[in-house]
Amino acid sequence: QLQLVESGGGLVQPGGSLRLSCAASGFTFDYYAIGWFRQAPGKEREGVSCISSSGLSTNYADSVKGRFTISRDNAKNTVYLQMNSLKPEDTAVYYCAANRWWSGLGCGVRAFGSWGQGTQVTVSS
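Residues numbered from 1 in each chain as written. Predicted model: local features only at pLDDT ≥ 70, side-chain atom pairs only at ≥ 80, totals over all residues. Heavy atoms only, no water.

Chemist: Which parts of the structure should I look at to understand the pairing of strand β10 (residues 119-123)?
Modeler: Taken residue by residue, a regular strand's side chains alternate between the two faces of the sheet. Only one face of β10 is buried: it carries Thr119, Val121 and Val123, and the other face, with Gln120 and Thr122, is open. Sheet topology places strand β2 (residues 10-12) next to β10; 3 bridges connect them, and they run parallel. In the strand pairing of β10, Val12 is matched with Val123. (Buried < 20%, exposed > 50% of the residue type's maximum accessible area, 1.4 Å probe, protein only. Helix = DSSP H or I, 4+ residues; strand = E, 2+ residues; numbered from the N terminus. Pairing = 2+ DSSP bridges.)

Take a look at the structure:
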């Protein structure tokens with residue numbers, strides 16, 4: 001029912017930038033908070049950033065504050081993650097997921113569902 005597709009990943013040098021997109025279909029997009037999550041090899045999936053259904057409220061992991069910006073365009077059913085000043089430790093598969101009733105207090109993996117397939121981000125020289 002709820003379908004999310006991530007795109008925009010790729011290989012980038014340290015200090016570079018990427019913009020990820022999460023395109024939604026099959027549900028009323030503007031009713032849902034959307035989160036970005038990532039999983040590196042050998043590590044658990046972690047929350048990166050979340051945005052409320054309206055776009056009014058956002059949340060960022062400490063590791064990406066000041067470097068990443070989440071936004072959404074409800075008219076296009078798309079959430080973006082602008083990633084600047086990328087570091088090798090940002091290397092991971094990035095996923096987006098949805099939450100109909102996000103509290104706005106955090107960006108926990110267990111609170112989100114309808115996961116996309118992920119897009120690989122590799123930061124390396």
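Further notes follow.
Chemist: What am I meant to see in the packing of aromatic side chains here?
Modeler: Given two aromatic rings, one states the distance between the centres and the angle between the planes to describe the pair. One pass over the full model with this rule turns up 5 aromatic pairs. With a centroid separation of 4.7 Å and an interplanar angle of 65°, the aromatic rings of Phe37 and Trp115 are classed as edge-to-face. Of this pair, Phe37 sits in strand β4 (residues 33-39) while Trp115 sits in the loop between β9 (92-99) and β10, placing them 78 residues apart in sequence. Looking at Phe37, the relative accessible area reads 0%, which means it is buried. Taking the centre distance of 6.5 Å and the plane angle of 90° together, the rings of Tyr95 and Trp115 count as edge-to-face. Remark: Trp115 occurs in the loop between β9 and β10 and Tyr95 occurs in strand β9; sequence separation between them is 20 residues. Residue Tyr95 is classed as buried on the basis of its relative accessible area of 13%. Among the aromatic residues, those joined into a cluster by ring pairs are Phe37, Tyr95, Phe112 and Trp115. Stacked on the ring of Trp115, the Lys or Arg Arg45 has its end atom at 4.8 Å from the ring centre. Over the ring of Phe29 we find Arg72, and its NZ or CZ is 4.3 Å from the ring centre. (Phe/Tyr/Trp six-rings, centres within 6.5 Å; stacked < 30°, edge-to-face > 60°. Lys NZ or Arg CZ within 6 Å of the ring centre and 35° of its normal.)

Chemist: What exactly am I supposed to notice about the pattern of salt bridges here?
Modeler: Close approach of charged atoms lets side chains of opposite charge pair. Inspection of every chain in the model, using the stated rule, returns 4 salt bridges. Close ionic contact of Asp90 with Arg38 constitutes a salt bridge, the shortest N to O distance being 2.9 Å. One end of the pair, Asp90, is in the loop between β8 (78-83) and β9; the other, Arg38, is in strand β4, and 52 residues separate them in sequence. A relative accessible area of 6% means that Arg38 is categorised as buried. The salt bridge partner of Lys65 is Asp62, with a shortest N-O separation of 3.1 Å. Note on Lys65: relative accessible area 49%, which makes it partly exposed. The class of Asp62 is exposed, set by a relative accessible area of 64%. (Salt bridge = Lys/Arg side-chain N within 4 Å of Asp/Glu carboxyl O.)

Chemist: Got a minute to help me understand the state of the cysteines in this structure?
Modeler: Enumeration according to the criterion identifies 2 disulfides in this entry. Put simply, Cys22 and Cys96 are joined by a disulfide, and their sulfur atoms are 2.1 Å apart. Disulfide Cys22-Cys96: the torsion about the S-S bond is 80°, which places it as right-handed. On the criterion of sequence distance, the pair formed by Cys22 in strand β3 (residues 18-25) and Cys96 in strand β9 is long-range, its members being 74 residues apart. (Disulfide = S-S within 2.5 Å.)

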